[in-house]
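Here is how the chains run, residue by residue.
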Amino acid sequence: SSGINAEYGEREYIPTPYGGQFALDWLVTTGPDDLDRTIVMIVPGITGGSHVNYVRHLMQNGQSNNCRCVVFNNRGCAFSTLLTARTYSGSNTEDISLAVNVITERYPRAPIIIVAVSLGGMITTHYLSTPASADSNVKAACIISSPWNAFATSESVNAPINHLVYERFLLKKLKTILEKNKHLYQTGKVPINYRHVMKAETLREFDDRFTAKMFGWRDWKEYYAKGHSFDKLPMVEVPTLIINAEDDPLSPPDYLPFKEVEENPNLAMVLTKTGGHIGFLEGILPNGQTWLNRVIDEYIQILIFTDFLQKGGPKNVPIDYY
């Protein structure tokens with residue numbers, strides 16, 4: 001699309017324990033390689049990856065601030081192949097934790113900023129609440145259009161208009177991943193019924209028949225109860241900017257984490273009246289950079305040009321300190 005010149009360099013497959021893999025896509029860097037250069041790691045939405053428009057715009061934000069950019073693609077996403085039946089869930093942090101460790105080992109002195117979108121925001125918030133993240137090089141984050149309460153999201157996305165606009169589309173994308181890899185689900189060795197999963201008509205049914213079973217939950221209710229991310233925010237210890245829109249059907253306004261943001265000095269929230277889910281578009285022909293990209297751009301600049309990203313930089317300094 002116009003205005004996007006992000007060219008991907010290397011795709012790197014990271015092997016996971018028990019035979020799986022996920023893909024990291026690195027942006028081509030030009031000029032001398034500075035090993036201390038800040039890294040922007042993008043964590044896309046539910047079936048997103050390095051190929052989708054909003055991810056490319058976010059990469060450009062990192063690139064224009066002279067950061068090294070990498071996309072963490074969930075298993076099976078962005079045209080990657082599944083090696084095992086396991087995919088990903090909103091509350092599981094094993095893969096993102098491994099990705100951060102791999103990046104940190106390679107560039108031990110480079111601070112990492114995570115920019116996460118939608119389901120990627122849920123995964124990142126869960127990760128930021130773990131001891132593993134406290135010991136990592138992740139120094140800041142930005143969480144965009146994240147669902148905060150899994151039950152509220154499920155109710156909202158099920159409403160007739162949202163079902164037509166969002167849910168059917170997301171469900172089709174999820175089923176496509178399984179379809180491409182169906183040989184893994186028809187072995188009789190996985191805890192799911194492939195044909196039953198493919199007949200799911202809502203995300204809740206898909207999560208009940210597939211995601212919950214693959215990750216050891218009893219049903220969708222248990223998965224969603226553990227999948228909330230609003231209650232993980234008190235444990236976040238790095239500066240984190242949260243961006244949501246009041247009209248986002250995947251994150252209903254009555255369930256936004258105002259209290260948690262107010263009580264944790266590391267958090268700040270930008271709430272817009274409009275913007276929908278990952279929208280934040282402006283103008284009649286919304287191509288090129290959006291309002292969201294300008295905000296991310298400023299945020300990265302502030303993080304780089306203050307001491308937030310330095311090792312031993314300010315700990316627990318209120319994010320509105322700048």
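Please read all numbers here as calculations on a predicted model, not as lab measurements. (Residues numbered from 1 in each chain as written. Predicted model: local features only at pLDDT ≥ 70, side-chain atom pairs only at ≥ 80, totals over all residues. Heavy atoms only, no water.)

Draft legend 1. Fine view of helix α3 (residues 119-128). Counting buried positions along α3 yields 10 of 10 residues, so the element is predominantly enclosed. Taken as a whole, α3 has its buried residues at Leu-119, Gly-120, Gly-121, Met-122, Ile-123, Thr-124, Thr-125, His-126, Tyr-127 and Leu-128. (Buried < 20%, exposed > 50% of the residue type's maximum accessible area, 1.4 Å probe, protein only. Helix = DSSP H or I, 4+ residues; strand = E, 2+ residues; numbered from the N terminus.)

Draft legend 2. Representation of the layout of surface pockets. Size it by volume and the largest pocket reaches roughly 1000 Å³. Along its surface, the largest pocket is lined by 44 residues, and Gly-45, Ile-46, Thr-47, Gly-48 and Leu-170 are the ones closest to its centre. For the lining of the largest pocket, the elements supplying multiple residues, two or more each, are α3, α5 (150-158), α6 (160-180), α8 (203-214) and α9 (220-227). In terms of residues, the lining of the largest pocket owes the most to one element, α6, which gives 10 residues. Residue classes in the lining of the largest pocket are distributed as 26 nonpolar, 15 polar and three charged. (1 Å grid on protein atoms, 1.4 Å probe; cavity = no way out; pocket = protein on both sides within 12 Å on 5 of 7 lines; lining within 4 Å. Points joined across faces, edges and corners; volume = space filled by probe spheres on them. Nonpolar A, V, L, I, M, F, W, Y, C, P; charged D, E, K, R; others polar.)

Draft legend 3. Molecular detail of α8. Inspection of α8 places Leu-203, Phe-206, Asp-207, Arg-209, Phe-210, Thr-211, Ala-212 and Met-214 among the buried residues, and these make up the whole buried set. Lining the buried residues of α8 we find α5, α6, α7 (194-198) and α9. Once α8 ends, the next one or two residues include Gly-216, with phi positive near 85 degrees. (Contact = heavy atoms within 4.5 Å.)

Draft legend 4. Spotlight on the confidence of the model for the chain. The predicted model of the chain averages 89 in pLDDT, with 89% of residues at 70 or higher. Taken together, the stretch residues 1-6 has pLDDT below 50 and engages in 13 contacts with residues farther than four places along the chain or on a different chain. Note on residues 312-322: pLDDT under 50 across the span, and 24 contacts to partners over four residues away in sequence or across chains. (pLDDT = per-residue confidence, 0-100.)

Draft legend 5. Geometry of empty space enclosed by the protein. A full pass over the atoms with the stated rule returns one cavity of 30 Å³ or more. Space inside the largest cavity adds up to approximately 60 Å³. In terms of lining residues, the largest cavity is bounded by Phe-72, Asn-74, Tyr-88, Ser-89, Asn-92, Asp-95, Ile-96, Ile-123 and Phe-215. Across the lining of the largest cavity, the residue classes tally to five nonpolar, three polar and one charged.

Draft legend 6. Local environment of the pattern of salt bridges. Using the criterion set out here, one finds 11 salt bridges in the structure. For Glu-12, the salt bridge is made with Arg-106, and the minimal N-O distance between the two is 2.5 Å. Of this pair, Glu-12 sits in strand β1 (residues 8-15) while Arg-106 sits in helix α2 (residues 94-106), placing them 94 residues apart in sequence. Owing to a relative accessible area of 16%, Glu-12 belongs among the buried residues under this scheme. Given the relative accessible area of 38%, Arg-106 is considered partly exposed. (Salt bridge = Lys/Arg side-chain N within 4 Å of Asp/Glu carboxyl O.)

Draft legend 7. Looking closely at the environment of Leu-128. Within the secondary structure layout, Leu-128 lies in helix α3. A sequence separation of 105 residues divides Leu-128 from Leu-233, and the C-alpha atoms of the two residues are 8.2 Å apart. With sequence-adjacent residues up to four places away left out, Leu-128 is seen in contact with Ser-133, Val-138, Ala-141, Met-235, Val-236, Val-238 and Thr-240.

Draft legend 8. Molecular detail of the side chain of Arg-68. Secondary-structure assignment places Arg-68 in strand β4 (residues 68-73). When its relative accessible area of 3% is taken as the criterion, Arg-68 is described as buried. There is a polar contact of 3.4 Å between the side chain of Arg-68 and the side chain of Tyr-107. Contacts of Arg-68, omitting those with residues within four sequence positions, involve Trp-26, Thr-29, Asp-33, Asp-34, Leu-35, Arg-37, Thr-38, Ile-39, Val-40 and Tyr-107. (Polar contact = N/O pair within 3.5 Å; in protein donor to acceptor, adjacent residues only side chain to side chain.)

Draft legend 9. Inspection of the nonpolar core at higher detail. Formed by 60 residues in total, the largest nonpolar core has its most connected members in Leu-24, Met-41, Ile-114 and Tyr-185. Beyond its immediate chain neighbours, meaning those up to four positions away, Met-41 contacts Val-70, Phe-72, Ile-96, Ala-99, Val-100, Ile-103, Ile-112, Ile-113, Ile-114 and Val-115. Formed by 25 residues, the second largest nonpolar core is a distinct cluster that contains Val-40, Cys-69, Val-117 and Tyr-299. (Core = buried A, V, L, I, M, F, W, Y, C linked by side-chain atoms within 4.5 Å.)

Draft legend 10. Region of the structure containing the environment of Ile-161. Residue position: Ile-161 is located in helix α6. Sequence-wise, Ile-161 and Pro-249 are 88 residues apart; in three dimensions their C-alpha atoms are separated by 9.8 Å.

Draft legend 11. Geometry of the packing of aromatic side chains. Tallied over the full model, the rule gives nine aromatic pairs. Ring centres 5.4 Å apart and planes at 70 degrees place the aromatic pair Trp-220 and Tyr-224 in the edge-to-face group. Of this pair, Trp-220 and Tyr-224 both sit in helix α9, four residues apart, which is roughly one turn of that helix. In this structure, Trp-220 and Tyr-224 share a single accessibility class: buried. One Lys or Arg, Arg-68, reaches over the ring of Tyr-107 and ends 4.0 Å from the middle of that ring. Over the ring of Trp-220 we find Arg-204; its NZ or CZ atom is 4.5 Å from the centre of that ring. (Phe/Tyr/Trp six-rings, centres within 6.5 Å; stacked < 30°, edge-to-face > 60°. Lys NZ or Arg CZ within 6 Å of the ring centre and 35° of its normal.)

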